[in-house]
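Working through the structure, step by step
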Amino acid sequence: MNATACYFVTGMEQENGEIARGLRRRDADLLDRLIEQYQHRLLRYLIYLAGNRETAEDLFQETWLRVLERGGQYDGKHNFSTWLFAVARNLTIDVLRKKKPVSLDTAGTEGAEAWDIPATGQASAFDLVAEQAQSERVTRALYGIPSEYREALVLRFHEELSLNEIAAITRVPLGTVKSRIYRGLNILMPRLKGAGE
Amino acid sequence: MTQDSHEQAREWIASAGVEGLAGLQQAWLRSHLEGCPSCREYAEAAEQLVRSLRAVPVAADRFLVRRTQLRVRARARELRQRRERFALVILSCALVAISSALSTTLVWQGFEWLGRWTQLPNPVWQVGFVLFWIAPTIAASVLFLAHGTHLSGINRSSRG
């Protein structure tokens, strides 16, 4: 490992350790900061997982309450985001099971149109419309694939998590993660052929 | 070109977007794509797809964030108060246990003396001692139970 990488890894470990200590103390200021920091990533993941924004927003709040209550379980050895996503995932499965006797597999086939996707950055009206249309196409296509593939694709390409982190969150072997991503891409590709053109 | 080589190429195209490729694999794939329009089209579609996936914007609104922060703070306060109450109960239990251990003999002797003085048979003052000893516990249990029922009623009504 070179010096820069070593410095980066040590810094990450320190940060994770501080988060772990803060969570054990139930430090409300730390939680405020974490909520700010992970707001978009967590909500995006939950929207794809739960299938609609309303449920995702409820889950977003419940996830942070669970982080507060079970913060002592975070050991600081892994990335906080990996643990956070795992907490969110388990909570989503619990909630969806209570709502209807189904697993994550059937989630997310409704409410794709109910998205409120704000445009970001400075762009022309045409760009914004084109961007939104493209986003809607991708979103619709994503909702059309089985949820385990959708989840793997979102974690890999939206959240930029490593394959090992995805395996830790979804609790499946690395090979399964890879095959879910490949299959997800293969199913999506014909559906999005020409997207963005 | 064989069917296998196309399959291999498509597998590595997917790998390139997911986990990256080794140098030799990259070189083989590059040369294959140069001579194969269908795999090239597949590679472009895959690249486009990954770009599209990365470009979908989703943002949390600030009210959701603020609401969450307030709920988390309120819950943290509630948990802290509960922990403090629990610590108080533990402390009280410890004090009661210690004082009981110290005073049992004295109270027993007191009841014995009272029994003799009032000329009561032994079983009577002994039952009196037992009742005297467990009466506070029973009273406290009844109070705790009533308090619990009352609290759960409040919780239910506030949720409703």
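Small disclaimer: the values here were computed from a predicted structure and weren't measured.

Re the overall build of chain B
- Counting its secondary structure elements, chain B contains five helices and zero strands.
- Considering only contacts in chain B between residues 6 or more positions apart, those separated by 24 or more positions represent 41%.

Quick word on the overall build of chain A
- Across its full length, chain A carries eight helices and zero strands.
- Counting the 197 residues in chain A, one finds 36% classified as buried.

Focus on the environment of B:V65
- Within the secondary structure, B:V65 is located in helix α4 (residues 62-117).
- Here B:V65 is in contact with A:I35, A:E36, A:Q39 and B:A60, once residues within four sequence places are set aside.

Examining the nonpolar core
Residue and element names in this part refer to chain A.
- Of all hydrophobic cores here, the largest spans 61 residues; its most connected members are L42, L43, Y45, L46, L84, A88 and L153.
- Broken down by element, the residue count for this core peaks at 12 residues, all from helix α2 (residues 28-50).
- Ignoring sequence-local partners within four residues, the contact set of A88 consists of L42, Y45, L46, L59 and T63.

Points about the interface of chain B and chain A
- Taken together, the contacts link 28 residues of chain B with 39 residues of chain A.
- Secondary structure elements with two or more residues in the side of chain B that touches chain A: α1 (3-18), α3 (37-55) and α4 of chain B.
- The biggest single contributor to the side of chain B that touches chain A is α4(B), with 11 residues.

With respect to unusual backbone geometry
Residue and element names in this part refer to chain A.
- A positive phi angle, near 55°, is found at E160, a position not held by glycine.
- Locating E160 in the fold gives a position in the loop between α6 (147-158) and α7 (163-170).
- Given 11 C-beta atoms within a 10 Å radius, E160 is considered exposed.

Notes on helix α4 (residues 80-99) of chain A
- End to end, α4(A) covers 28 Å across 20 residues, agreeing with the expected 28 Å (1.5 Å per residue, within 8%).
- Buried within α4(A) we find A:F80, A:S81, A:T82, A:W83, A:L84, A:F85, A:V87, A:A88, A:R89, A:L91, A:T92 and A:L96.

Things to note about helix α8 (residues 174-191) of chain A
Residues and elements named next belong to chain A.
- With 18 residues, α8 should cover 26 Å at 1.5 Å per step; its first-to-last C-alpha distance of 26 Å lies within 8% of that length.
- Of all the residues in α8, the buried ones are V177, R180, I181, G184, L185 and L188. Projected onto a plane normal to the axis of α8, the buried residues spread over an arc of 130° and lie on a single side. Exposed residues on α8 whose side chains face more than 90 degrees from its buried face are G175 and P190.

A short note on the packing of α2(A) against α4(A)
Residue and element names in this part refer to chain A.
- Where α2 meets α4, the axes come as close as 11 Å, and the angle between the chain directions of the two elements is 35°. Between α2 and α4 lies a crossing whose hand is right-handed. Where α2 approaches α4, its residues Y38, L42, Y45, L46, L49 and A50 are matched on the opposing element by S81, L84, F85, A88, R89 and T92.
- A breakdown of the residues in the contact of α2 with α4 according to their chemical character gives nine nonpolar, two polar and one charged.

Things to note about the packing of α8(A) against α3(B)
- At a closest axis distance of 10 Å, the pairing of α8(A) and α3(B) adopts a crossing angle of 100°. As far as their axial angle goes, α3(B) and α8(A) are roughly perpendicular. Contacts between α8(A) and α3(B) involve A:L185, A:L188 and A:M189 on the former and, on the latter, B:A45, B:A46 and B:L49.
- Its residues placed into classes, the contact of α8(A) with α3(B) shows six nonpolar, no polar and no charged.

So, the confidence of the model for chain B
All names here are of chain B.
- Summarising the model, chain B shows a mean pLDDT of 82, and 89% of its residues fall at 70 or more.
- Confidence, read as mean pLDDT per element, is least for helix α5 (residues 122-159) in chain B (75) and greatest for α4 (89).
- Under the prediction, the complex receives an ipTM of 0.71, its pTM being 0.66.

Points about the environment of A:Y48
Residues and elements named next belong to chain A.
- Structurally, Y48 is set in helix α2.
- The class of Y48 is buried, set by 23 C-beta atoms lying within 10 Å.
- As a C-alpha pair, Y48 and L155 span 107 residues in sequence and 9.9 Å in three-dimensional space.

Here's the deal with the confidence of the model for chain A
Residue and element names in this part refer to chain A.
- Looking at chain A as a whole, the pLDDT averages 79, with 75% of positions reaching at least 70.
- Confidence scores differ between elements of chain A, with helix α5 (residues 125-143) showing the lowest mean pLDDT of 70 and helix α3 (residues 53-70) the highest of 93.
- Contacts from residues 109-122, a stretch scored under 50 in pLDDT, to residues over four places away or in other chains number 25 contacts.

Rules behind the numbers
Residues numbered from 1 in each chain as written. Chains lettered and ligands numbered in written order. Predicted model: local features only at pLDDT ≥ 70, side-chain atom pairs only at ≥ 80, totals over all residues. Helix = DSSP H or I, 4+ residues; strand = E, 2+ residues; numbered from the N terminus. Contact = placed C-beta atoms within 7 Å. Buried ≥ 20, exposed ≤ 12 C-beta atoms within 10 Å, placed from the backbone. Core = buried A, V, L, I, M, F, W, Y, C linked by C-beta atoms within 7 Å. Expected span 1.5 Å × (residues − 1). Arc of directions from axis to C-beta. Axes fitted to C-alpha atoms, helices over the stretch in contact; angles between N-to-C directions. Left-handed = near helix turned anticlockwise from the far one by under 90°. Nonpolar A, V, L, I, M, F, W, Y, C, P; charged D, E, K, R; others polar. Parallel < 35°, antiparallel > 145°, perpendicular 65-115°, else oblique. pLDDT = per-residue confidence, 0-100.

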